[in-house]
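Single-letter residue listing:
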Amino acid sequence: MERQTILVVDDTAENIDVLAGVLKSDYQIKIAKNGKLALKIAKAMTLDLILLDIMMPGIDGFEVCRQLKQDKRTQHIPIIFVTAKISAADELKGLELGAADYITKPFNPPIVLRRVQTQLALTSQSRLLALQVRQKTAEISQNQLNVIRRLGRAAEYKDNETGMHVIRMSYYTHILALAAGLSEDDAELLMHAAPMHDVGKIGISDAILKKTDKLDFDEFEQMKKHCEIGAEILGEQDSELMDVAQTIALTHHEKWDGSGYPNGLSGEDIPLYGRIVAVADVFDALTSKRPYKEAWPVEKALELLKKEAGTHFDPQLVPLFVEKLDQILEIKAKFNESDT
């Protein structure tokens, strides 16, 4: 088993020798004789524990601890302060900065060893618990994703659209989200939530959904309700994925100029996720064959997006979509209708 690594930080050679002598048979020991070097080592390698002297010239132990705890790369490393004498105020200060414990000089070797062992055991237990929480969270997220996908499939059975449409437009949203500056995590979240955009069609009658002629006024008013029905189906959930899915279901038919539905939102009042889905959804709908229409050529669909940028669509998103056309067409070819 690989030995754990402890960094000993002290400006006095005798103190370093004592601590290293106590610990070197059980642990790998690294040495720093000042705070500046300690910070450099902590950021450059994996450490399991730091024994940190408080009174040092230049950067003292308190400042070293503060900097380590503010840095995401090092804030997880437990720190035990080493000091000859300390007031209650100084002890409180160290604990508030994030120190885990104190060891006083002169050193009692068995106590030093036991405190180090205890702190490393606590840290290992915390890491194990954190790993278990992450695994459980990932399991819950996967279950939520499975629900999302199956509800999306349920909506497809009610509509003339195919599963390929949902897959393609989801990938389109991922591409466009990254182009718009969203993080990879947010773009992936959007991609997973996007299949739910039309889940509300479950609540629309088949006579309307499967009608091949143009809908009359009353029929279209019924069709428009699928946004609110979808938002109601998804409900208020304590889940980022479901929350994004609900936002998309409710807002993907809003238009930049305020003429969309169901709430007549305009401009940036429309959530960015909804604006991205609007572009991806319309492009794929236009370029796909349906029982009531032939597929449009890509060039014609792009012309419509450009023409309606600033009225239907976010004028900043359409040029980004066009810039990523090569990636869009790769997805379109990969998930074509013959793969349904």
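Let me begin by describing the structure that accompanies this report. (Residues numbered from 1 in each chain as written. Predicted model: local features only at pLDDT ≥ 70, side-chain atom pairs only at ≥ 80, totals over all residues. Heavy atoms only, no water.)

**Side note on the packing of helix 2 (residues 35–44) against helix 3 (residues 61–70)**
Here is step 1 of the chain: Interaxial distance between helix 2 and helix 3 falls to 10 Å at its minimum, and their mutual angle equals 20°. Between helix 2 and helix 3, the crossing angle belongs to the class labelled roughly parallel. Both helix 2 and helix 3 take part in a crossing whose hand is right-handed. Where helix 2 abuts helix 3, its residues G35, L39 and A42 lie against V64, Q67 and L68.
Here is step 2 of the chain: Tallied by class, residues from the contact of helix 2 with helix 3 come to 4 nonpolar, 2 polar and no charged. (Axes fitted to C-alpha atoms, helices over the stretch in contact; angles between N-to-C directions. Helix = DSSP H or I, 4+ residues; strand = E, 2+ residues; numbered from the N terminus. Parallel < 35°, antiparallel > 145°, perpendicular 65-115°, else oblique. Left-handed = near helix turned anticlockwise from the far one by under 90°. Contact = heavy atoms within 4.5 Å. Nonpolar A, V, L, I, M, F, W, Y, C, P; charged D, E, K, R; others polar.)

**Details of the nonpolar core**
Here is step 1 of the chain: Among the nonpolar cores identified, the biggest contains 42 residues, and F283, L305 and F321 are the most heavily contacted of them.
Here is step 2 of the chain: Mapped onto this core, the elements with two or more residues apiece are helix 6 (163–179), helix 7 (184–193), helix 11 (240–251), helix 12 (272–286), helix 13 (298–307), helix 14 (317–323) and helix 15 (325–334).
Here is step 3 of the chain: Other than its neighbours up to four places away in sequence, F321 contacts Y172, L176, V279, F283, L302, L305 and I328.
Here is step 4 of the chain: If you look at the next biggest cluster of nonpolar residues, it comprises 21 residues, including I41, A42, F62 and C65. (Core = buried A, V, L, I, M, F, W, Y, C linked by side-chain atoms within 4.5 Å. Buried < 20%, exposed > 50% of the residue type's maximum accessible area, 1.4 Å probe, protein only.)

**Brief notes about the layout of surface pockets**
Here is step 1 of the chain: Roughly 1100 Å³ of volume is contained in the largest pocket.
Here is step 2 of the chain: Contributing to the lining of the largest pocket are 31 residues, with F220, H253, Y261, A285 and Y292 lying nearest its centre.
Here is step 3 of the chain: Put simply, the parts of the chain that give the lining of the largest pocket at least two residues each are helix 8 (206–209), helix 9 (217–224) and helix 12.
Here is step 4 of the chain: Top element by residues in the lining of the largest pocket is helix 12. It accounts for 4 residues.
Here is step 5 of the chain: Taken together, the residues that form the lining of the largest pocket break down as 12 nonpolar, 7 polar and 12 charged. (1 Å grid on protein atoms, 1.4 Å probe; cavity = no way out; pocket = protein on both sides within 12 Å on 5 of 7 lines; lining within 4 Å. Points joined across faces, edges and corners; volume = space filled by probe spheres on them.)

**Focus on empty space enclosed by the protein**
Here is step 1 of the chain: Counted under the stated rule, the structure contains 2 cavities of 30 Å³ or more.
Here is step 2 of the chain: Roughly 40 Å³ of internal volume is contained in the second largest cavity.
Here is step 3 of the chain: In terms of residue class, the lining of the second largest cavity is made up of 4 nonpolar, 1 polar and 3 charged.

**Focus: a negative patch on the surface**
Here is step 1 of the chain: A contiguous patch of negative charge, built from E184, D185, E188, E236, E240 and D243, is present on the exposed surface.
Here is step 2 of the chain: Only helix 7 and helix 11 provide two or more residues apiece to the negative patch.
Here is step 3 of the chain: Among the elements that take part in the negative patch, helix 7 stands out by supplying 3 residues, more than any other.
Here is step 4 of the chain: E184 sits in the partly exposed class, given a relative accessible area of 40%. (Patch = residues over 30% accessible without salt bridge, like charges linked within 9 Å, V, L, I, M, F, W, Y side chains within 5 Å. Areas by Shrake-Rupley, 256 points an atom, 1.4 Å probe, with all protein chains shown as cover. Salt bridge = Lys/Arg side-chain N within 4 Å of Asp/Glu carboxyl O. Lys, Arg positive; Asp, Glu negative; His and termini not counted. Charge placed at Lys NZ, Arg CZ, Asp CG, Glu CD.)

None of the figures reported here should be taken as evidence of function without further support.
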